[in-house]
Structure formats: C-alpha cells, structure tokens
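Overview (structure and organization)
One letter stands for each residue in the lines below.
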Amino acid sequence: MKMKKYIAQTMPEAMKKVKNDLGDDAVVVSSKVIYTKGFLGLFKKKQFEVLAGVDAIEVADTRPDLDVFEKQRDFEEKYALSQQNEAIQKQLNELKKMIKQTSVQQTVNHIPAIIHPIYMHLQKQELNEELITEICDELFDIVRNEPATTYEQLLMHAQESMYKKLSKYPMGGVNFERKFVNILGPTGVGKTTTIAKIAARAVLEKKKKVAFITTDTYRIGAIEQLKTYANLLHAPVEVVYTKEDYERAIKQFSGHDLVLIDTAGRNYKEAKFIADLEELIDTKQNVQNYLVLALTAKQLDMAMIIEQFSTFDIQQVIFTKMDETNTIGSMVNLMVKYNKGLAYYTDGQEVPENIEEGSVSKLVELIFQGVES
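All of the points below concern the structure found in this document. Since the structure is predicted, the reported quantities are computational estimates derived from the model, not experimental observations.

About the thresholds
Residues numbered from 1 in each chain as written. Predicted model: local features only at pLDDT ≥ 70, side-chain atom pairs only at ≥ 80, totals over all residues. Heavy atoms only, no water. 1 Å grid on protein atoms, 1.4 Å probe; cavity = no way out; pocket = protein on both sides within 12 Å on 5 of 7 lines; lining within 4 Å. Points joined across faces, edges and corners; volume = space filled by probe spheres on them. Helix = DSSP H or I, 4+ residues; strand = E, 2+ residues; numbered from the N terminus. Nonpolar A, V, L, I, M, F, W, Y, C, P; charged D, E, K, R; others polar. Buried < 20%, exposed > 50% of the residue type's maximum accessible area, 1.4 Å probe, protein only. Pairing = 2+ DSSP bridges. Right-handed = clockwise from strand over helix to strand, strands pointing away. Phe/Tyr/Trp six-rings, centres within 6.5 Å; stacked < 30°, edge-to-face > 60°. Lys NZ or Arg CZ within 6 Å of the ring centre and 35° of its normal. Contact = heavy atoms within 4.5 Å. Salt bridge = Lys/Arg side-chain N within 4 Å of Asp/Glu carboxyl O. Axes fitted to C-alpha atoms, helices over the stretch in contact; angles between N-to-C directions. Parallel < 35°, antiparallel > 145°, perpendicular 65-115°, else oblique. Left-handed = near helix turned anticlockwise from the far one by under 90°. Polar contact = N/O pair within 3.5 Å; in protein donor to acceptor, adjacent residues only side chain to side chain. Expected span 1.5 Å × (residues − 1). Arc of directions from axis to C-beta.

Turning next to the layout of surface pockets. Quantified by volume, the largest pocket comes out at close to 680 Å³. For the largest pocket, the lining is made up of 27 residues, of which Glu 126, Leu 127, Asn 128, Gln 299 and Asn 333 are closest to its centre. Only α4 (129-145), α10 (299-308) and α11 (329-338) provide two or more residues apiece to the lining of the largest pocket. In the lining of the largest pocket, the residues fall into 11 nonpolar, 7 polar and 9 charged. Here the second largest pocket is characterised by a volume of approximately 240 Å³.

Take the pairing of strand β9 (residues 314-320) next. Across the 7 residues of β9, 6 count as buried, placing the element largely inside the fold. Inspection of the sheet shows strand β8 (residues 287-294) paired to β9 by 6 bridges, in the parallel sense. Within the sheet, the bridge partner assigned to Leu 293 lies in β9 and is Phe 319. Read from β8 through α10 to β9, the crossover connection turns out right-handed. As paired strands, β9 and strand β10 (residues 341-346) are joined by 4 bridges and run parallel to one another. In the strand pairing of β10, Val 317 is matched with Leu 342. The handedness of the β9 to β10 crossover, carried by α11, is right-handed.

Our next topic: the packing of aromatic side chains. One pass over the structure, following the stated rule, counts 2 aromatic pairs. With centroids separated by 6.3 Å and ring planes inclined at 90°, the aromatic side chains of Tyr 290 and Tyr 344 adopt a geometry described as edge-to-face. Taken as a pair, Tyr 290 in strand β8 and Tyr 344 in strand β10 lie far apart in primary sequence, 54 residues in all. Exposure remark for Tyr 290: the relative accessible area of 1% places this residue in the buried category. On the accessibility criterion, Tyr 344 (6% relative accessible area) is buried. Each ring, one from Phe 309 and one from Phe 312, has its centre 5.2 Å from the other, and the planes form 55°; the classification is tilted. Look at Phe 312 and you get buried, because its relative accessible area is 4%. Across the ring face of Phe 176, the terminal group of Lys 208 is positioned such that the distance to the ring centre comes to 4.9 Å.

Moving on: the side chain of Thr 193. Counting through the fold element by element, Thr 193 comes out in helix α6 (residues 191-204). Setting aside its immediate chain neighbours within four residues, Thr 193 contacts Gln 225, Tyr 229, Gln 349 and Val 351.

Under the definition given, this model contains 7 salt bridges. As a salt-bridge pair, Glu 134 and Lys 165 come within 2.9 Å of each other at their nearest N and O atoms. Linking Glu 134 in helix α4 with Lys 165 in helix α5 (residues 151-166), this pair joins segments that are 31 residues apart in sequence. Accessibility expressed as a relative area gives 21% for Lys 165, which makes it partly exposed. Among the salt bridges present, the one from Glu 365 reaches Lys 362, with a minimum N-O distance of 3.7 Å. Here Glu 365 pairs with Lys 362, and both are found in helix α12 (residues 360-367), just 3 residues apart, close to one helical turn.

Interhelical geometry of α5 versus α12 gives an angle of 135° and a closest axis separation of 9 Å. Taken together, the axes of α5 and α12 lie oblique to each other. Every pair of crossing elements has a handedness; the one defined by α5 and α12 is right-handed. Counted together, Gln 159, Met 162, Tyr 163 and Leu 166 of α5 and Val 360, Ser 361, Leu 363, Val 364 and Ile 367 of α12 form the full contact between these two elements.

Okay, the environment of Tyr 344 next. Taking C-alpha positions, Tyr 344 is 7.3 Å from Val 317, a pair spaced 27 residues apart along the chain. In this structure Tyr 344 touches Gly 173, Val 174, Ile 198, Tyr 290, Val 317, Ile 318, Phe 319, Ile 355, Glu 356, Glu 357 and Gly 358, once residues within four positions along its chain are discounted. Polar side-chain contacts of Tyr 344 include one of 3.0 Å to the backbone nitrogen of Val 174.

Here the focus is helix α1 (residues 11-22). Over its 12 residues, α1 runs 16 Å from end to end, which matches the ideal 16 Å to within 8%, given 1.5 Å per residue. Along α1, the positions that sit buried rather than exposed are Ala 14, Val 18 and Leu 22. Projected onto a plane normal to the axis of α1, the buried residues spread over an arc of 40° and lie on a single side. Of the exposed residues in α1, those oriented more than 90 degrees away from the buried face are Pro 12, Lys 16, Lys 19 and Asn 20. Of the surrounding secondary structure, the elements contacted by the buried residues of α1 are β1 (2-8) and β3 (45-54). Immediately downstream of α1, the backbone of Gly 23 shows phi near 90°, a positive value.

So, on to the pairing of strand β4 (residues 180-184). The buried fraction of β4 amounts to 5 of the 5 residues, a majority that puts the element mostly inside the structure. Of the two faces of β4, the one carrying Phe 180, Asn 182 and Leu 184 and the one carrying Val 181 and Ile 183 are both buried. The pairing of β4 with strand β7 (residues 258-262) spans 4 bridges and is classified as parallel. Looking at β7, one finds that Asn 182 is bridged to Ile 261. Sheet topology places β4 next to β8; 5 bridges connect them, and they run parallel. Across the sheet, residue Asn 182 finds its bridge partner in β8, namely Asn 289.

Rendered as structure tokens:
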C-alpha cells in the first residue's frame, strides 16, 4: 500500500487533499489532532493530521507482446518441421532397409543354396557388398562348372579368395627399421594403452631400449597414465608443449631403439586440429605413422578420420576394441577402400596381452569365425 501523511487546518480540508492526491480509492489509516507552537511558543495552533493510503495496483499491459508471439510461432514451426524431418528420415531409413533386404533376398534366390551360409555370414560381418559379390561369384562359377563340389571345398575357396584380396596390404607391427613411431588418432580410441602394449612387447620380447614422448597435454590423466607405464618398463618419458620441446626430446632419445610418440586425442573431424598436429610433430622424416581407430565407431566416422589424415604418410592402421563388437567387416572395408594395411588389433585392456600383430591369415580367420561348417 502506498502511504502518505497530510496536514490541514480542518478535517474536510485534509480529506480533500487525500482525495485529490490518492483518488476515491484512498483509505484513511489514522487521523489525529496536533498542535503547533505559535509566535515565541505562545498561542498554540490546532491542526489535523491524516495518514492515508491506497493499494498500489499495477495495471498490466494487455497489449500483445509481438516478439513473444513471433518466437512462439517460430518455435512451433521449427518443432513441427523437425518432427516432419524425423518422420521422413525414419521412412527413408525403413525404405533403405527394405530395399537392402529385398536386394539380399533376390541375391540369395539367384545363388545355389550351398553358397547361402557363406553369403549370409559375410553379410552379417558387414563386409562391403562388392567384396561379397566378388567372392560369391567365384563360388557360383565353381558350383556351375563342378556340381560335385562340397560345401567344405567352397568354404575353403572363399577363405583363399579373401586371403588373396588382402595379401597386397602391408601387415605387421613395428619392425624397428624406423626409430620414431607416431601413434595418431581421435580421442577415446585407446592410444595410450595401445602404446603401452607395443612398448611392453618391445621391451620384454625384443629386449629393446624404449622411450616415450607425449604431446597429449590436454588431458592430465593421459600423461599420468603414460608415466605409470613408463615407470613399470623403466623407460624415460618427455612431455612436450612446443615444437622446440619436441625437437629437444627427439635429440635426447636418439640413442634408443624405439621412441613411441603419444599424440593428443582430439576431434580430428575438424581440420584445425590436424594442422596443429602437423605444426608440432614430424610426420615425414624417418618416422612411422600409425592411425588408431576403434571398431566400435561407425564406419562413416572412421572413413572421415582417415580422409582427414590423408596428408600424413600412413600405411597401416591399428584397430582397437575388437572385443566390444561382433563384426569386423568395417576393418576390412576401410583397408580395401583406402589401401591401408593392418599393424595391430587389440581385444582388451590387459597390457601387454591384448594386442596382436596384423597378419592376413589371422584376419581371414577372424572374418570367417563362426561361419556354418
């Protein structure tokens, strides 16, 4: 309530002031007679003091807020459009799935039943359709020309065909021909653990003198993790922040047999981080570059990473987290598409146990593992 005090010679005069000032809704809270001293303290003068008030009612602006209406309308339109797009995308995905299933069924219907288990197994492994077709066409020719061929013979031929197709890609891990090895790749793929596995194998099995360099200064945990592994292997480790730090560390470890360089894990879908990495480390002079990818990632995402690193001399890839997926077709598809070999694959967190060097025979065995026999 808004309060105000009024003084007048008479009560009606005081009330008139209240009304004129606060309006008809004013309420008299209290009133009293007061006396003021006159000249030289004599002749006291009678007056009326009124305390009145009125409720402070804020009149809402009933005019429409056009900005709010427009924002609400835009939001509703965008929401409706988003839902529409989602519905369309869902329909497209279902259509693609239906077309693929129809295509697969049509293909199955046109190949001899004896080949079906092999075809369906390769499909389940998510191998590229073109690669599957090439192998199954060969099997079809065998069945057509040699009707007495057994399923076991066809399966063996399919494995031999896959072996020939993969034999042209470089296989196997570090061979110590190059002293410095860059381990590249996005965040979350397990680079540091993979480095520890490679280093442990080099120290324990090959009796090599190993050192570490890390440029992953964005994650304190990664540095501490690498230092822990380095201490266990009695290997030195240097943390580099600048190009000068990197060059100093390279000179410092020139007498070692193998220097493993743990690069920063970043979102390498962004070209900026690739450029930053190229400015910091040497990727061309007497250096072996391995790109690490996780098999749990989408094939399209892994392909984008490979393309982003196309300026680097990367001949082999390390695939991690094989134990966390039931299909390895994406590994073969990417090797074939980008002409990359397989350095290692990892299938667990144990150091140094859960790492294997890439080989054609082992890769073929993995592809056909679980096929109907």
